[in-house]
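What the coordinates show
Each chain, letter by letter, is given below.
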Amino acid sequence: MERRKIRKKLLQPRIESINDLNKDLYRKYILDYIDNHYTLISKYYSVISITIIRNDLDFLEKLIYNTEFKRTNCSYLRCNIKYGQRDVKIPMEFKILMDAILKRDLRQEGLFRKVPVCTDLKMARDDYIGGVLAGENIRYLRNVLKKFDVICLTSLFKELFNLYNTPVFPEKYLKLLLVIAKMKDHSMKNRNISYSNEKEICEEKLDKEILCDETGIFKTDESDATDKDLLEDIGQTSETSILEYTHSTTTDSYFESIPVDIRKKLIMKFTILSLPRQNRRFLEVLIKFFSVVHNLSIKGDKMHKKNMTLRGYSVVIMPKLFLKTKHSLDITEINELVDLSEYILFNSLSFFDIKENPTY
């Protein structure tokens with residue numbers, strides 16, 4: 001009963017989210033955001049990208065339609081795992097599995113990283129994912145999950161992303177995201193003590209092992225990943241690309257006067273604002289879900305010896321957010337993307353709260 005009350009409290013909405021806005025209000029919000037921060041945005045987005053986002057969000061959605069986080073014949077359910085006031089719709093298979101995970105006792109070691117019994121995972125994969133693809137109803141899918149423990153469920157959760165052809169951030173964003181990841185943010189040094197000992201739990205070597213095991217797509221030998229490889233695999237953006245990354249080499253005293261911490265937060269929020277609608281909504285749910293899981297898992301474990309810290313969850317979530325197909329990334333870039341995942345998790349309220357925009 002106590003855990004149920006805690007879970008209910010954690011799921012309560014706290015903010016007015018960007019995803020609460022209807023189409024017209026969202027358009028007004030993003031136009032105001034561009035007007036207020038144009039000098040900064042123009043350093044990272046091409047003029048044509050800004051013009052398209054400013055003038056025709058519908059056209060933008062059509063241009064990147066094939067990068068939406070969706071699959072063929074996908075059914076959606078309303079989800080109360082979010083920061084905002086209004087329920088958002090996410091793919092049914094994620095909603096049902098998230099609910100099942102949150103109802104379990106999460107105060108145990110190995111969530112999202114411990115390998116379950118192979119036969120259990122295979123059975124869960126066949127019964128649940130097979131049921132999803134076969135169009136089974138909600139009751140059937142919920143009953144399937146009852147026979148598996150939470151370690152198996154968290155492993156199954158990661159496998160659901162294999163049903164989708166794109167990460168949450170479309171791959172056209174990767175070049176820009178690598179630039180944002182390199183921007184140093186000093187606020188992370190002052191984060192809550194509950195996140196401060198992740199280096200002991202998830203060192204760089206462990207990051208590397210988990211990431212390679214998760215995806216099998218990384219070249220971790222830096223000598224194998226040249227700048228040419230990176231540019232070819234990430235993809236050179238054309239002059240007409242809606243997501244063309246541009247970085248001016250001219251000195252702008254106004255731009256330089258903006259603290260790096262503020263620059264990073266503002267450009268990251270604009271990048272989230274420019275995501276396809278379904279990706280943006282699912283991102284909010286995904287971040288909120290990991291936040292709730294983390295908070296429930298550390299109850300009664302004040303030393304955080306058993307459970308992952310924010311860094312650990314960032315290692316798990318990074319490939320789901322940013323990567324899908326094979327890219328030649330060296331270990332430094334991989335860890336920078338993990339850092340960016342941690343940054344997004346840590347500052348999630350700032351990115352989704354319509355009232356919170358850093359000033360300078």
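Because the structure is a prediction, the values reported are computed rather than measured. (Residues numbered from 1 in each chain as written. Predicted model: local features only at pLDDT ≥ 70, side-chain atom pairs only at ≥ 80, totals over all residues. Heavy atoms only, no water.)

**Considering the overall build of the chain**
On a plain count of helices and strands, the chain comes out with 19 helices and two strands. The burial tally for the chain puts 54% of its 360 residues in the buried class. About 17,100 Å² of surface is accessible on the chain, with carbon and sulfur atoms providing 48% of the total. (Helix = DSSP H or I, 4+ residues; strand = E, 2+ residues; numbered from the N terminus. Buried < 20%, exposed > 50% of the residue type's maximum accessible area, 1.4 Å probe, protein only. Areas by Shrake-Rupley, 256 points an atom, 1.4 Å probe, with all protein chains shown as cover.)

**Here we look at the pattern of salt bridges**
Scanning all chains against the criterion turns up 12 salt bridges. With its nearest N and O atoms 2.9 Å apart, the salt bridge here joins Asp-126 to Lys-122. Here Asp-126 pairs with Lys-122, and both are found in helix α7 (residues 118-134), just four residues apart, close to one helical turn. Residue Lys-122 is classed as partly exposed on the basis of its relative accessible area of 48%. (Salt bridge = Lys/Arg side-chain N within 4 Å of Asp/Glu carboxyl O.)

**A closer look at the packing of helix α15 (residues 260-273) against helix α18 (residues 331-346)**
Describing two packed helices takes the angle between their axes plus the distance from one axis to the other. Close contact between α15 and α18 brings their axes to 12 Å; oriented N to C, the two are set at 80°. With respect to each other, α15 and α18 are oriented roughly perpendicular. For the pair α15 and α18, the contacting residues are Asp-261, Lys-264, Lys-265 and Met-268 in the first and Leu-340, Tyr-343 and Ile-344 in the second. Per-class residue counts for the contact of α15 with α18 are four nonpolar, no polar and three charged. (Axes fitted to C-alpha atoms, helices over the stretch in contact; angles between N-to-C directions. Parallel < 35°, antiparallel > 145°, perpendicular 65-115°, else oblique. Contact = heavy atoms within 4.5 Å. Nonpolar A, V, L, I, M, F, W, Y, C, P; charged D, E, K, R; others polar.)

**As for the confidence of the model for the chain**
Interpretation of the predicted coordinates at a detailed level should be avoided for regions scoring low in pLDDT. Mean pLDDT over the chain works out to 77, with 70% of the residues at or above the 70 mark. Confidence scores differ between elements of the chain, with helix α13 (residues 227-234) showing the lowest mean pLDDT of 35 and helix α8 (residues 138-145) the highest of 96. Throughout residues 214-251 the model reports pLDDT below 50, and contacts reaching past four residues in sequence, or to other chains, amount to 81 contacts. (pLDDT = per-residue confidence, 0-100.)

**Considerations on α15**
Taking 1.5 Å of rise per residue, 14 residues should cover 20 Å, and α15 covers 20 Å from first to last C-alpha, within 8% of that figure. Among the 14 residues that make up α15, 12 are buried, leaving the element largely enclosed by the rest of the structure. Residues of α15 that are buried: Ile-262, Arg-263, Lys-264, Lys-265, Leu-266, Ile-267, Met-268, Lys-269, Phe-270, Thr-271, Ile-272 and Leu-273. (Expected span 1.5 Å × (residues − 1).)

**Here's the deal with the environment of Gly-110**
Within the secondary structure, Gly-110 sits in the loop between α6 (92-102) and α7. Spatially, the C-alpha atoms of Gly-110 and Met-308 are 7.9 Å apart, while their sequence positions differ by 198 residues.

**Details of the environment of Arg-142**
Along the chain, Arg-142 turns up in helix α8. In this structure the C-alpha to C-alpha distance between Arg-142 and Ile-96, which are 46 residues apart in sequence, comes to 6.6 Å.

**Some words on helix α16 (residues 277-297)**
The end-to-end C-alpha separation of α16 is 30 Å, in line with the 30 Å expected for 21 residues at 1.5 Å each. Within α16, 17 of the 21 residues are buried, which leaves the element mostly enclosed by the surrounding structure.

**A short note on the nonpolar core**
Counting 102 residues, the largest nonpolar core has Tyr-128 and Phe-157 as its most contacted members. The element best represented in this core is α16, accounting for 10 residues. Setting aside residues no more than four positions away along its own chain, Phe-157 makes contact with Phe-94, Leu-97, Met-98, Ile-101, Phe-112, Leu-286, Phe-289 and Phe-290. (Core = buried A, V, L, I, M, F, W, Y, C linked by side-chain atoms within 4.5 Å.)

**With respect to the packing of aromatic side chains**
Enumeration according to the criterion identifies 25 aromatic pairs in this entry. Relative to Phe-282, the ring of Phe-69 lies with its centre 4.6 Å away and its plane at 20°, an arrangement referred to as stacked. On the criterion of sequence distance, the pair formed by Phe-69 in the loop between α5 (57-63) and β1 (76-79) and Phe-282 in helix α16 is long-range, its members being 213 residues apart. In this pair, the class of Phe-69 matches that of Phe-282, namely buried. Arranged with centres 5.1 Å apart and planes meeting at 35°, the rings of Phe-157 and Phe-289 form a pair that is tilted. Here the residue Phe-157 occupies a position in helix α9 (residues 150-160), and Phe-289 occupies one in helix α16, the gap between them amounting to 132 residues. As far as the burial class goes, Phe-157 and Phe-289 line up, both buried. Ring-pair connections join several aromatic residues into one group, and the members of that group are Phe-69, Phe-94, Phe-112, Phe-157, Phe-161, Tyr-164, Phe-282, Phe-289, Phe-290 and Tyr-313. (Phe/Tyr/Trp six-rings, centres within 6.5 Å; stacked < 30°, edge-to-face > 60°.)

**Comments concerning the side chain of Lys-264**
With respect to the helices, strands and loops of the structure, Lys-264 is situated in helix α15. Looking at Lys-264, its side chain comes within polar contact range of the main-chain oxygen of Met-183, at 2.9 Å. (Polar contact = N/O pair within 3.5 Å; in protein donor to acceptor, adjacent residues only side chain to side chain.)

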